[in-house]
Amino acid sequence: MKTIIEPFKIKVVEPIRMTTREYREEMLRKAGFNVFSLHAEDVLIDLLTDSGTAAMSAEQWAGIMRGDESYAGATSFHRLYNKVAELTGFEHVLPTHQGRASERILFEIMAGPGKVVPNNNHFDTTRANVEASGAKAVDLVIDEGRLVASRHPFKGNMNVERLEGLFSEVGAENIPLVMLTVTNNSGGGQPVSLENIRAVRDVCQKHGTPLFLDACRFAENAYLIKKREPGCSDRSVPEIVREMFDLSDGATISAKKDGLVNIGGLLLFRDGELARRARNLSIMTEGFPTYGGLAGRDLEAIAQGLEEVVQEDYLHYRLRSIEYLSEMLLAGGVPIMEPPGGHAIYIDAASFCPRIPPERFPGQAVVCALYRHAGIRAVEIGSLMFGGHGRAPELELVRLAFPRRVYTQSHVDYVGEAVLDVFAQRDTLRPLAIVEEPPQLRHFTCRLEEIGD
Ligand SMILES: *Cc1c(COP(=O)(O)O)cnc(C)c1O
């Protein structure tokens with residue numbers, strides 16, 4: 001059979017409220033051309049983020065009812081512990097309220113002033129937490145990872161020579177840990193190969209430095225390894241997942257991604273002494289270590305989510321939907337980051353509308369056009385998000401991130417059509433200027449205006 005069906009039936013539906021172009025025009029103006037200020041009910045297809053937006057399964061909802069709310073040693077914690085230990089092999093499992101809480105605790109115990117933390121690409125909260133500890137965050141992704149059109153299968157890989165170079169330059173005593181983000185979110189959701197994790201691990205072992213994974217999308221990374229890495233096509237996803245974790249000494253995880261839940265995180269260690277220090281910090285800000293800022297029912301939902309996310313029918317449907325959309329867009333000549341990674345399509349807005357210079361926000365012009373034309377909410381990752389204060393990002397991107405198990409094939413077709421329509425009218429896209437701006441993280445709350453050429 002050629003058609004790949006969504007491997008689920010729908011038991012509960014959430015209506016999408018249809019809107020007209022005129023209505024959306026009005027809402028866009030009210031929102032100051034910033035889609036973060038839209039009301040979600042005015043959005044038809046919401047591709048703002050894949051974080052915390054998953055649809056839970058009947059079994060997860062059953063788990064929510066079963067959740068044991070004991071303060072300490074809850075049955076739900078033990079169910080989560082057993083699942084995580086089986087999947088990752090790590091002995092020490094700390095729940096947290098979300099990924100950034102795990103990061104804060106990890107870098108407070110391991111980083112600090114004068115230290116340097118290498119990563120393929122730090123995610124923004126990871127970088128912020130490294131820097132808040134007083135340490136420096138260094139990105140060492142391979143050169144292909146910065147090229148939009150390179151079809152390298154593992155554009156999330158770390159440049160191992162540059163890692164060696166960093167050890168010689170600053171000394172192993174100043175590198176408390178090495179991190180690898182799988183998949184590499186800030187670099188386009190690109191996967192990291194097992195071969196690269198092994199090579200990075202070898203460098204770490206030589207210097208006695210622990211390797212940690214930022215493993216938010218560990219299952220998508222494992223499935224892309226199965227599809228793309230020589231010798232891996234016959235291995236099961238759980239087996240590949242286990243090898244990824246076996247090569248490392250710990251991990252931070254936001255369960256809002258491959259945990260298939262709406263809130264939650266994990267902090268994992270092999271070393272008992274580090275885990276003991278992390279538990280002490282966790283008690284101060286997250287809660288007793290067997291619930292870590294979550295309710296017992298959340299722990300149940302994560303345990304079940306971790307079981308479902310490594311199922312290959314699910315991963316096949318998810319990764320194929322994204323690949324299918326990428327093929328549709330490439331056939332229409334739309335410039336996107338190739339090959340697509342696990343959770344999103346990234347449009348290259350600089351080539352999409354070359355008439356609009358970076359300081360007039362080409363990515364935001366595409367975002368506004370997609371909302372106006374089709375009620376789709378995407379997010380700009382370019383000069384609006386990272387520019388200002390004299391900074392200029394390397395790329396002008398628009399991300400279409402797919403919530404897990406939420407949209408069906410006809411939704412994906414609709415998104416593809418909308419992007420192709422906007423691409424056909426790309427000469428009519430309007431440049432933008434900021435009219436109101438907060439001192440930090442301006443993309444969340446700033447207001448813009450469309451300006452004449
Ligand atoms: C989402 C994310 C985080 C932070 O997790 P939160 O749950 O949003 O706090 C860290 N790293 C990566 C790669 C992420 O995608």
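Sequence positions are assigned chain by chain, starting from 1 and proceeding in written order. Reporting in this predicted model follows two pLDDT cut-offs: at least 70 for local features of residues, and 80 or more for side-chain atom pairs to be given and counted; totals over whole chains, interfaces and linings ignore these cut-offs and use all residues. The basis for the side-chain values is all heavy atoms of the structure; hydrogens and waters are excluded.

A. View of the site of the ligand. Taken together, the neighbourhood of the ligand is formed by 15 residues, with R100, D214, R217, S254 and K257 sitting nearest. For the ligand, an oxygen atom lies 2.9 Å from a polar atom in the side chain of Q98. By the criterion applied in these results, polar contacts are pairs of N or O atoms within 3.5 Å in which, for protein atoms, one can donate a hydrogen and the other can accept it, and in which residues neighboring in sequence qualify only through two side-chain atoms. Side-chain polar atom of S254 to an oxygen atom of the ligand: 2.6 Å apart, as the coordinates give it. When isolated, the ligand has an accessible area of 380 Å², and the protein chains bury 98% of it. Of all elements in the fold, only α4 (99–110) and α5 (124–132) reach the threshold of two or more residues within the shell around the ligand. Secondary structure elements are defined from DSSP: runs of H or I of at least 4 residues count as helices, runs of E of at least 2 residues count as strands, and each element is numbered from the N terminus. The greatest single-element share of the shell around the ligand, amounting to three residues, is contributed by α4. Each residue receives one of three labels: charged for Asp, Glu, Lys and Arg, nonpolar for Ala, Val, Leu, Ile, Met, Phe, Trp, Tyr, Cys and Pro, and polar for the others, Gly being one of them. By residue class, the composition of the shell around the ligand is two nonpolar, seven polar and six charged. It suffices for a single heavy atom of a residue to lie within 4 Å of a molecule or strand for the residue to be listed as near it. Per-residue and other accessible areas were derived by the Shrake-Rupley procedure at a 1.4 Å probe size, with only the shown protein chains allowed to occlude residues.

B. Highlighting the side chain of K83. Considering the arrangement of structural elements, one finds K83 in helix α3 (residues 75–88). Judged by relative accessible area, which is 11%, K83 ranks as buried. Note on contacts: a residue pair is in contact if any heavy atoms of the two residues lie within 4.5 Å. Ignoring anything within four residues of it in the chain, the contact list for K83 reads A303, L306 and E307. Throughout this description, buried means an accessible area under 20% of the type-specific maximum (1.4 Å probe, protein chains only), exposed means over 50%, and partly exposed covers the range between.

C. Inspection of the nonpolar core at higher detail. By size, the foremost hydrophobic cluster in this structure holds 62 residues, and its most contacted members are V178, F218, M244 and F245. Domain start and stop positions are those given by an automatic or database domain assignment. Here this core gathers at least three residues from each of two domains, domain 1 (21–50 + 311–450) and domain 2 (58–308). Once you skip the residues sitting within four places of it in the chain, F245 turns out to touch L87, T88, F90, L213, A215, F218, A251, I253 and R270. Among buried residues, the Ala, Val, Leu, Ile, Met, Phe, Trp, Tyr and Cys ones that are joined through side-chain atoms within 4.5 Å form a nonpolar core. Among the nonpolar cores identified, the runner-up in size contains 47 residues, and M27, F33, I356 and C368 belong to it.

D. Looking closely at the environment of S193. Mapping S193 onto the fold places it in the loop between β5 (178–181) and α7 (194–207). A relative accessible area of 2% places S193 in the buried class. In this structure S193 touches F154, N157, I225 and E229, once residues within four positions along its chain are discounted.

E. Examining the packing of helix α1 (residues 21–30) against helix α14 (residues 362–374) more closely. Axes here mean lines fitted to C-alpha atoms, for a helix over just the part in contact, with angles spanning 0 to 180 degrees between N-to-C directions. Packing of α1 against α14 brings their axes to within 7 Å, and their N-to-C directions diverge by 145°. Residues R21, R24, E25, M27, L28 and R29 of α1 lie in contact with α14, whose contacting residues are C368, Y371, R372, H373 and A374. Considering only residue class, the contact of α1 with α14 consists of five nonpolar, one polar and five charged.

F. Representation of the domain arrangement of the protein in the model. As far as domains go, the protein holds domain 1 (21–50 + 311–450) and domain 2 (58–308). The C-alpha centroid of domain 2 is placed 27 Å from the C-alpha centroid of domain 1. Listed per partner, the contact involves 24 residues of domain 1 and 30 residues of domain 2. Buried area counts how much accessible surface, traced with a 1.4 Å probe, disappears from two parts once they are put together, with both parts' losses summed. Each partner contributes to the roughly 2,400 Å² buried at the junction of domain 1 and domain 2, and carbon and sulfur atoms together form 51% of this total. Take a side-chain nitrogen of Lys or Arg and a carboxyl oxygen of Asp or Glu: if they are within 4 Å of each other, that pair is a salt bridge. Summed over the shared surface of domain 1 and domain 2, the result is eight salt bridges. Note that E220 is salt-bridged to R318, the shortest N-O span being 2.6 Å. Our enumeration of links across domain 1 and domain 2 arrives at 19 residue pairs in polar contact (both at pLDDT 80 or more).

G. Helix α2 (residues 58–66), seen in detail. Looking at α2, one finds that the buried residues are Q60, G63 and I64. On an axial view of α2, the arc spanned by its buried residues comes to 105°, and they lie on one face. Elements in contact with the buried residues of α2: α11 (296–309). The arc under discussion is defined with respect to the helix axis, by the directions toward the C-beta atoms.

H. Here's a closer look at α4. Helix length check: α4 (12 residues) gives 16 Å between terminal C-alpha atoms against 16 Å at 1.5 Å per residue, within 8%. Among the 12 residues in α4, nine count as buried, and that is most of the element. Among all positions in α4, only G99, A101, S102, E103, I105, L106, F107, I109 and M110 are buried. With its phi angle positive at about 125°, G112 sits one or two positions after the end of α4. A helix's residues, less one, multiplied by 1.5 Å, set its expected span.

I. How the structure looks around the packing of helix α6 (residues 160–170) against α7. Contact pair α6 / α7: the axes reach a minimum separation of 10 Å and the direction vectors enclose 15°. The orientation of α6 relative to α7 falls into the category roughly parallel. Considering how the two elements wind past one another, α6 and α7 form a crossing that is right-handed. For the pair α6 and α7, contact is made by V160, L163, E164 and F167 and by N196, A199, V200, V203, K206 and H207, respectively. Across the contact of α6 with α7, the residue classes break down as six nonpolar, two polar and two charged. By definition in this entry, angles of less than 35 degrees are roughly parallel, angles greater than 145 are roughly antiparallel, angles of 65 to 115 are roughly perpendicular, and the rest are oblique. Crossing chirality is assigned from the near helix's rotation relative to the far helix, an anticlockwise turn below a right angle marking it left-handed and a clockwise turn marking it right-handed.

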